[in-house]
Amino acid sequence: MPVYTLPELPYDYSALAPVISPEIIELHHDKHHAAYVKGANDTLEQLAEARDKEQWGSINGLEKNLAFHLSGHILHSIYWHNMTGEGGGEPLAADGVGELADAITESFGSFAGFKAQLSKASATTQGSGWGVLAHEPLSGRLIVEQVYDHQGNVGQGATPILVFDAWEHAFYLQYRNQKVDFIEAMWQVVNWQDVARRYEAARSRADVLLLAP
């Protein structure tokens, strides 16, 4: 069976400076993200051993570990591509991302309203977590979610298309305890082209949920 692997960064460590320092990018990707990949693979091996031995005493902990590490791997894999040193600003039709811009306005009333909600959701996540812009397939609208740790407090079936990492390891070396300042700076490196591609892919999956008639 396939195992999870750490994806390469789409840029060098210094590409997002001064918003995110090269030291943070290196530690974040090479150490923290790598640990989630290893954790997911190790948990799959432990679950296979539990099946082979029919020993289920640790099943609750193993399932929680798999959700934690796998979700951490997935969110970080999106996170790296959501950013670019040439990003920021608003998504505009002139830049080829007009459908995303329209969807944001329709779902949140305005870009300013969306930016405020995602910023607040990211900055006020209890403990460690993420702020996430996701496509919700039942309504077809965009929603903002607060993700505790990596996997809690989310609507089932929604597809993340823009993620803000609010764990301390994402910013503490540079921003100390000023999480709000880090979240505000993040808007300078958002890769709207990547977000728009993810939005288009998410909304094209009409059968992502098998709904009862």
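Residues numbered from 1 in each chain as written. Predicted model: local features only at pLDDT ≥ 70, side-chain atom pairs only at ≥ 80, totals over all residues. Heavy atoms only, no water.

Student: Would you mind going over the domain arrangement of the chain in detail, with residue names and values included?
Tutor: Domains assigned within the chain are domain 1 (22-82) and domain 2 (93-207). Centre-to-centre, using C-alpha coordinates, domain 1 lies 22 Å away from domain 2. Facing the 18 residues of domain 1 at the interface are 24 residues of domain 2. Carbon and sulfur atoms supply 65% of the area that domain 1 and domain 2 bury against each other, a total of about 1,700 Å² over both sides. It is Ile24, Leu75 and Asn82 that lose the most area in domain 1 upon contact with domain 2, and together they represent 39% of the buried surface on that side. Seen at the junction of domain 1 and domain 2, the total is zero salt bridges. Inspection of the region where domain 1 meets domain 2 yields ten residue pairs in polar contact (both at pLDDT 80 or more). Of all the elements, helix α2 (residues 59-81) adds the most residues to the side of domain 1 that touches domain 2, at eleven residues. Of the residues in the side of domain 1 that touches domain 2, the class split is eight nonpolar, eight polar and two charged. (Domains from an automatic or database assignment. Contact = heavy atoms within 4.5 Å. Buried area = accessible area lost by both parts, 1.4 Å probe. Salt bridge = Lys/Arg side-chain N within 4 Å of Asp/Glu carboxyl O. Polar contact = N/O pair within 3.5 Å; in protein donor to acceptor, adjacent residues only side chain to side chain. Helix = DSSP H or I, 4+ residues; strand = E, 2+ residues; numbered from the N terminus. Nonpolar A, V, L, I, M, F, W, Y, C, P; charged D, E, K, R; others polar.)

Student: Summarise helix α7 (residues 192-203); cite the residues concerned and give the values.
Tutor: Helix length check: α7 (twelve residues) gives 16 Å between terminal C-alpha atoms against 16 Å at 1.5 Å per residue, within 8%. Buried residues of α7: Trp192, Asp194, Val195, Ala196, Tyr199 and Ala202, and no others. Of the surrounding elements, those touching the buried residues of α7 are α2, α3 (98-108), α4 (111-123), β1 (129-135), β2 (142-148) and β3 (159-165). (Expected span 1.5 Å × (residues − 1). Buried < 20%, exposed > 50% of the residue type's maximum accessible area, 1.4 Å probe, protein only.)

Student: Which residues make up the nonpolar core, and what values go with them?
Tutor: The biggest cluster of nonpolar side chains holds 49 residues, and the ones touching the most others in it are Ile20, Tyr79, Phe114 and Trp192. Of the domains in this structure, domain 1 (22-82) and domain 2 (93-207) are the two that each give at least three residues to this core. For Tyr79, the contacting residues outside a window of four places in its chain are Ile20, His28, Trp130, Val163, Asp165, Ala170, Phe182 and Met186. (Core = buried A, V, L, I, M, F, W, Y, C linked by side-chain atoms within 4.5 Å.)

Student: Please set out the UniProt feature "domain: Manganese/iron superoxide dismutase N-terminal" (unreviewed entry) in the chain residue by residue, giving values where relevant.
Tutor: Residues annotated by UniProt as "domain: Manganese/iron superoxide dismutase N-terminal" (unreviewed entry) correspond here to residues 4-84. Helix makes up 68% of residues 4-84 and strand 0%, and the two end C-alpha atoms of the span are 24 Å apart. (UniProt positions renumbered as here; feature names shortened; annotations may be inferred.)

Student: Outline the sheet that holds β3, listing residues and values.
Tutor: Strand order in the open sheet formed by three strands is β2-β1-β3, and the pairing between neighbours is antiparallel. What marks the edges here is a single partner per strand, and that holds for β2 and β3. Averaged over all neighbouring strand pairs, the angle between strand axes comes to 25°, with direction disregarded. The sheet contact formed by β1 and β3 spans six bridges and is antiparallel. (Pairing = 2+ DSSP bridges. Axes fitted to C-alpha atoms, helices over the stretch in contact; angles between N-to-C directions.)

Student: Any chance you could break down the environment of Trp130 for me, citing the residues and the numbers?
Tutor: Its location among the elements puts Trp130 in strand β1. Judged by its relative accessible area of 0%, Trp130 falls in the buried class. Expressed as a C-alpha distance, the spacing of Trp130 and Ile78, which sit 52 residues apart in the sequence, is 12 Å. In this structure the side chain of Trp130 is engaged in a polar contact, spanning 3.4 Å, whose partner is the backbone oxygen of Asp149. Within the structure, the side chain of Trp130 is placed 3.0 Å from the side chain of His150, a separation counted as a polar contact.

Student: I'd like to hear about the pattern of salt bridges, residue by residue, with values.
Tutor: Enumeration over the complete set of coordinates arrives at seven salt bridges. The closest approach of N and O atoms between Arg198 and Asp194, which form a salt bridge, is 2.8 Å. A residue pair is termed a helical-turn pair when its members lie 3 or 4 positions apart in one helix, as Arg198 and Asp194 do in helix α7 at four residues. Assessed through its relative accessible area of 24%, Arg198 is described here as partly exposed. For Glu200, the salt bridge identified is with Arg203, shortest N-O distance 3.1 Å. Here Glu200 pairs with Arg203, and both are found in helix α7, just three residues apart, close to one helical turn. For Glu200, a relative accessible area of 35% corresponds to the partly exposed category. The network of salt bridges with shared partners includes Glu99, Glu200 and Arg203.

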